[in-house]
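Topology and contacts: notes
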Amino acid sequence: MNIEEEVERLKEEIRRLGKIQPDGSYKVTFRVLFNDDKCANIFEALVGTLRAAKKRKVVTFDGELLLQGVHDNVEITLNAIPPPAVNAVGSGN
């Protein structure tokens, strides 16, 4: 699995495990992701996948590197996807 595929899988898992926010984003703690059996089976290097997703602005979290135990309560936010722009041309106004 390449990094783009891993980031897509990470998005799916954050949606599955996280709580949706009013703005359409999802939040989950590092502990929940790290301790989930399904995530453990999918991601060989969860921390690396999280860093790649953060670099691509797919997720946000405090810090650069998350470590089990020390960062268990850090919230990871799957950023909301902005709605597509509406084309005003030809709206009949």
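Scroll up for the structure.
Structural notes, computed from the coordinates. (Residues numbered from 1 in each chain as written. Predicted model: local features only at pLDDT ≥ 70, side-chain atom pairs only at ≥ 80, totals over all residues. Heavy atoms only, no water.)

1. Observations concerning the overall build of the protein
As a reminder, the rule being used: A helix here means a DSSP run of H or I that spans at least four residues, while a strand means a run of E at least two residues long, and both kinds are numbered starting from the N terminus. Contacts are residue-level and defined by heavy atoms, with any inter-residue pair within 4.5 Å sufficient. Each accessible area is a Shrake-Rupley result for a 1.4 Å probe, and residues are judged covered by the shown protein chains and nothing else.
Counting its regular elements, the protein contains four helices and four strands. Going residue by residue from the N terminus, the α and β elements of the protein occur as α-β-β-α-α-α-β-β. Of all intrachain contacts in the protein linking residues separated by at least 6 positions in sequence, the fraction that spans at least 24 positions is 50%. Total accessible area computed for the protein in this model is approximately 6,300 Å², and 51% of it derives from carbon and sulfur atoms.

2. Considering the sheet that holds strand β3 (residues 59-60)
Condition: Two strands are said to pair when DSSP picks up at least two bridges between them.
Read from one edge to the other, the open sheet built from four strands follows the order β1-β2-β4-β3, with strand pairing classed as antiparallel. Two strands close off the open sheet at either side, each with one partner strand: β1 (19-20) and β3. Relative to strand β4 (residues 75-78), β3 runs antiparallel, the two being bridged by two bridges. Note that in β4 the partner of T60 across the bridge is T77.

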